[in-house]
Amino acid sequence: MILRRVLLRLLTTLVTLLGVSVIVFVTIRVVPGDPIAMMLPPGATDDDIDRLRRIYGLDRSIAEQYFIWLSGVVQGDFGTSIQTRQPVLNLVLRRLPATLELSIMALVIAMVIGGFLALTGTRLRGTRTEGAIDVTNGMALSVPDFLWGLVLILLFGVLWPVFHISGRISPNLTSEFSTSFYLFESVFRLRFDLWLDLVSHMFMPALALAIPLAAIIGQLLKQSLKETMHLDYVTLSRTKGYGENHVIIREALPNAVLPTLTLIGVQFTFLIGGTVIIERLFSYEGLGNMAIDAVINRDLPLIQGIVILFALLFTVVNLLVDMLYAVLNPRLRHA
Amino acid sequence: MSAFLSIRNLSVALKGGPRLLRAVSLDVAVGEVRGLVGESGAGKSMIGKAVLGILPHSVEVVAGEIWLDGVDLLRLKPAERRRKVGATAALIPQDPLTALNPSRRIGRQITDRLVDILGWTRADAESRALELLGEVHIPDPARVMHSYPHELSGGMRQRVLIASAFAAEPRLIVADEPTTALDVTVQKQILRLIAQMQARHGTALLFVTHDLGVVSKVCSSLSVLYGGLVLEQTGVRDFFRAPQHPYSRALLAATPQYTDPMAGLNPVPESVIAAVTEEVAQADRGWRHG
Ligand SMILES: Nc1ncnc2c1ncn2[C@@H]1O[C@H](COP(=O)(O)OP(=O)(O)OP(=O)(O)O)[C@@H](O)[C@H]1O
Ligand SMILES: [Mg+2]
């Protein structure tokens, strides 16, 4: 039963990824712009160009190219970046941790801020504070993440420079790490000096990504908490002698987070999408930044690889959310 | 004061609006089962909510006293009042399907008050919960302790809620139409169970219902309400033998079991309604908000 669901899930994931790969493969080859022309110095002859086209297989039909690419992928070979001449898989995997860490940090920030706003708004419902929280949420929501990025750069990078607004870490520290998961590694090795340097770099881009999501979480969770507060089991808990704080956190919250959770899953994939521009804005060396370079250079194999990885990331996130939902919801757990 | 619960001239009103309870006074002694009857909207539930401190936000107590175990609840600070109510009183709610938290295990929902409010050890609280689940005839209490509400039927859940209400050995229980949400067949069992538990534990019971048949089975006394006004208070025997108030008489006549079961409901006559409405208006004369 469970096995069948898992298999079905894997199958749909596979089909999705295949579909995405076809669409991207065709799109980036149909839009104008020639990767070979981009890499050659001005004054290269047509012969040079043709030779390179053959080397990269770009002289064949798109269908042929796709199947060559796919047969490589099946063997774990995602091709070679035209720009850097390095295997795409290596390039992409080396950048993935940076983007993952940034996204997760943003998610945590969003949940902390959103949760705090929702709980405070529920505790003080009907007061001016609740109104102020609603207005704040509305404002946070109506501005997209990259504009928050610009605002944060102006505020905390220029006017009151307390945070770094460029890069992931101070360049002289990169040699301290043995993995690309800098943030996790700094925590596990209890190197809080490194951690502090990382956070002072990552906090601004992460916050920019987090603000719209925090507002969504704050709004939805508060709504759902307020509805839950009217339910009979909450009232019953009051008659047992419990006060407002206990009732909100112990009785209402566990039930109110469930609808919010599904939404966080969807929104988190948007957030990961948002890293592309935010990373560019903050010169953060992640996948998104690499994606933009790849597009500018028409580095077809690299674009292809990055897009597939993003697609995979989205499906994994959705899977994790579904699993978490099943764990938190006792009614599904026993079904 | 001999009554364990003594409500004196309690008036509850919509904030800035009309009264919903009009100077209600009633007593419930230790071991007494007092029925609160009246048509829908009469204010029966409002009395229970006022006692337990769970009035809706839109209403407020505008006058009166609620003496529970010798203290006037309305003069306590909110936190003290909650503790007092939690330690000495309990609620058996109307709808067992919504009164249990779907994401918490049954056991925790019974023991939480014992541990958090009354300071029992978890072990004591758990053995107490097991004992009570047995008392309300739940098969395999140990398993039910670990279950979630959705794994139990409505009748079972109401048993759990009854066990939970009696677990802390409260001296007063408010039961607000505890059987109306249940199947007819289950209703009788639950009613019998509540009566049994009440007798065994000697709890004072405030029993909200609109069903005089139920009153005749479980209550020892009753108060008849209309429009937030107490019209008549008397012992159950006296009431069924000779109701004093015209509205009470009409109510009794309107209850099928006491006339002809085939006859259906005899509505309370217009003239009686008019008279009792006038009585309510009379009560409001000279009353001013705030
Ligand atoms: N949350 C609320 N806000 C405002 N008024 C309310 C609220 N709940 C009940 N009332 C009003 O208070 C009055 C008494 O309501 P109450 O619930 O005590 O009636 P009841 O006698 O329990 O009726 P029922 O048999 O339908 O449960 C009614 O007029 C009702 O409209
Ligand atoms: Mg009611």
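The sections below set out a description of the structure shown in this document. (Residues numbered from 1 in each chain as written. Chains lettered and ligands numbered in written order. Predicted model: local features only at pLDDT ≥ 70, side-chain atom pairs only at ≥ 80, totals over all residues. Heavy atoms only, no water.)

Things to note about the overall build of chain A
Part 1 of the reasoning: Each helix and strand counted, chain A has 14 helices and 0 strands in total.
Part 2 of the reasoning: Mapped in sequence order, the helices and strands of chain A form the string α-α-α-α-α-α-α-α-α-α-α-α-α-α.
Part 3 of the reasoning: With the C-alpha coordinates aligned to their principal axes, the bounding extent of chain A is approximately 85 × 55 × 40 Å.
Part 4 of the reasoning: The proportion of buried residues among the 335 residues of chain A is 44%.
Part 5 of the reasoning: Taking the average place of the 26 positive charges on the side chains of chain A and the average place of its 25 negative ones, the gap between the two points comes to 9 Å. (Helix = DSSP H or I, 4+ residues; strand = E, 2+ residues; numbered from the N terminus. Buried < 20%, exposed > 50% of the residue type's maximum accessible area, 1.4 Å probe, protein only. Lys, Arg positive; Asp, Glu negative; His and termini not counted. Charge placed at Lys NZ, Arg CZ, Asp CG, Glu CD.)

Some details on a negative patch on the surface
Part 1 of the reasoning: Judged by side-chain charge, Asp 46, Asp 47, Asp 50 and Asp 59 of chain A come together as a negatively charged surface patch.
Part 2 of the reasoning: Tracing the sequence through the fold places Asp 47 of chain A in helix 3 (residues 46-55). (Patch = residues over 30% accessible without salt bridge, like charges linked within 9 Å, V, L, I, M, F, W, Y side chains within 5 Å. Areas by Shrake-Rupley, 256 points an atom, 1.4 Å probe, with all protein chains shown as cover. Salt bridge = Lys/Arg side-chain N within 4 Å of Asp/Glu carboxyl O.)

A few points about the site of ligand 1
All names here are of chain B.
Part 1 of the reasoning: Ser 40, Gly 41, Ser 45, Met 46 and Ser 58 are the nearest of the 13 residues found near ligand 1.
Part 2 of the reasoning: Between ligand 1 and Ser 40 there is a distance of 2.4 Å, counted from an oxygen atom to a side-chain nitrogen or oxygen.
Part 3 of the reasoning: Protein chains bury 65% of the 640 Å² of accessible surface belonging to ligand 1 in isolation.
Part 4 of the reasoning: For the shell around ligand 1, the element with the most residues is helix 1 (residues 44-52), which contributes 3 residues.
Part 5 of the reasoning: Looking at the shell around ligand 1 residue by residue, the classes come out as 5 nonpolar, 5 polar and 3 charged. (Near = heavy atom within 4 Å. Polar contact = N/O pair within 3.5 Å; in protein donor to acceptor, adjacent residues only side chain to side chain. Nonpolar A, V, L, I, M, F, W, Y, C, P; charged D, E, K, R; others polar.)

As for the interface of chain B and chain A
Part 1 of the reasoning: Opposite the 28 residues of chain B that make contact, chain A presents 20 residues.
Part 2 of the reasoning: For the pair chain B and chain A, the summed buried surface comes to about 2100 Å²; carbon and sulfur atoms form 54% of the total.
Part 3 of the reasoning: The largest share of the area that chain B buries against chain A comes from Arg 82, Pro 102 and His 150 of chain B, three residues that together contribute 21% of it.
Part 4 of the reasoning: Joining chain B to chain A, the criterion identifies 3 salt bridges.
Part 5 of the reasoning: Across the salt bridge formed by Lys 240 of chain A and Asp 112 of chain B, the nearest N and O atoms sit 3.2 Å from each other. (Contact = heavy atoms within 4.5 Å. Buried area = accessible area lost by both parts, 1.4 Å probe.)

What to know about the sheet that holds strand 1 (residues 3-14) of chain B
Residues and elements named next belong to chain B.
Part 1 of the reasoning: Judged by pairing direction, the sheet is antiparallel, and its 4 strands sit side by side in the order 2-1-4-5 without closing on themselves. One side of each edge strand has no neighbouring strand; the edge strands of this open sheet are strand 2 (19-29) and strand 5 (71-72).
Part 2 of the reasoning: By the bridge criterion, 7 bridges tie strand 1 to strand 2 in an arrangement that is antiparallel. Residue pairing across strands places Ala 13 opposite Arg 19, the latter belonging to strand 2. (Pairing = 2+ DSSP bridges.)

Concerning the packing of helix 6 (residues 128-142) of chain A against helix 9 (residues 192-228) of chain A
All names here are of chain A.
Part 1 of the reasoning: Closest axis-to-axis distance for the helix 6/helix 9 pair is 8 Å, and the angle between their directions is 140°. Between helix 6 and helix 9, the crossing angle belongs to the class labelled oblique. Like other packed secondary-structure pairs, helix 6 and helix 9 cross with a definite hand, here left-handed. Contact residues: Glu 130, Asp 134, Asn 137, Gly 138, Ala 140 and Leu 141 in helix 6; Ile 211, Pro 212, Ala 215, Ile 216, Gly 218, Gln 219, Lys 222 and Lys 226 in helix 9. (Axes fitted to C-alpha atoms, helices over the stretch in contact; angles between N-to-C directions. Parallel < 35°, antiparallel > 145°, perpendicular 65-115°, else oblique. Left-handed = near helix turned anticlockwise from the far one by under 90°.)

Remarks on the packing of helix 10 (residues 232-239) of chain A against helix 11 (residues 244-281) of chain A
Pairs of packed helices are described in terms of their axes, by the angle between the two and the distance that separates them.
Residues and elements named next belong to chain A.
Part 1 of the reasoning: Remark: helix 10 packs on helix 11, axes separated minimally by 10 Å, with the N-to-C direction vectors making an angle of 150°. The angle between helix 10 and helix 11 falls in the class roughly antiparallel. Note that helix 10 runs across helix 11; the crossing there is right-handed. For the pair helix 10 and helix 11, the contacting residues are Tyr 233, Val 234, Ser 237 and Arg 238 in the first and Glu 244, His 246, Val 247, Glu 251 and Asn 255 in the second.
Part 2 of the reasoning: Across the contact of helix 10 with helix 11, the residue classes tally to 3 nonpolar, 3 polar and 3 charged.

A closer look at the sheet that holds strand 7 (residues 172-176) of chain B
Residue and element names in this part refer to chain B.
Part 1 of the reasoning: Taken together, 6 strands build an open sheet; the order of strands is 6-7-8-3-9-10 and the sheet is mixed. Two strands bound the open sheet, and with one partner strand each, they are strand 6 (89-92) and strand 10 (229-235). With strand direction ignored, the average angle separating the axes of adjacent strands in the sheet is 15°.
Part 2 of the reasoning: Pairing of strand 6 with strand 7, which is carried by 4 bridges, proceeds in the parallel orientation. Counterpart to Ala 90 in the pairing with strand 7 is Ile 173.
Part 3 of the reasoning: Seen against the sheet, helix 10 (residues 246-254) touches strand 3 (33-37), strand 9 (221-226) and strand 10 and runs at an angle of roughly 100° to strand 9.

Let's talk about the pattern of salt bridges
Residues and elements named next belong to chain B.
Part 1 of the reasoning: Counted under the stated rule, the structure contains 30 salt bridges over all chains.
Part 2 of the reasoning: Linking Arg 34 and Glu 32 is a salt bridge whose minimum nitrogen-to-oxygen distance equals 3.2 Å.
Part 3 of the reasoning: Arg 128 is the partner of Glu 131 in a salt bridge, and the nearest nitrogen-oxygen pair spans 3.4 Å. With a gap of 3 residues between them, Glu 131 and Arg 128 both fall in helix 4 (residues 122-135), about one helical turn apart.
Part 4 of the reasoning: Overall, the relative accessible area of 44% leaves Glu 131 in the partly exposed class.

Let's talk about unusual backbone geometry
Residues other than glycine predominantly adopt negative phi, and peptide bonds predominantly adopt the trans conformation.
All names here are of chain B.
Part 1 of the reasoning: Of note in this structure, Ala 23 is not a glycine but carries a positive phi near 50°.
Part 2 of the reasoning: Mapped onto the elements of the fold, Ala 23 is located in strand 2.
Part 3 of the reasoning: Look at Ala 23 and you get partly exposed, because its relative accessible area is 37%.

Focus: the packing of aromatic side chains
By convention here, two paired aromatic rings are described through the distance between centres and the angle between planes.
Residue and element names in this part refer to chain A.
Part 1 of the reasoning: Throughout the structure, instances matching the rule amount to 14 aromatic pairs over all chains.
Part 2 of the reasoning: Relative to Phe 78, the ring of Trp 69 lies with its centre 6.3 Å away and its plane at 80°, an arrangement referred to as edge-to-face. An identical accessibility class is assigned to Trp 69 and Phe 78; each is buried.
Part 3 of the reasoning: One aromatic cluster is present, formed by Phe 25, Tyr 66, Phe 67, Trp 69 and Phe 78 through successive ring pairs.
Part 4 of the reasoning: It is Arg 29 that lies over the ring of Phe 25; its NZ or CZ is 3.6 Å from the centre.
Part 5 of the reasoning: Across from the ring centre of Tyr 182, 4.2 Å away, lies the NZ or CZ of Arg 168, which sits over that ring. (Phe/Tyr/Trp six-rings, centres within 6.5 Å; stacked < 30°, edge-to-face > 60°. Lys NZ or Arg CZ within 6 Å of the ring centre and 35° of its normal.)

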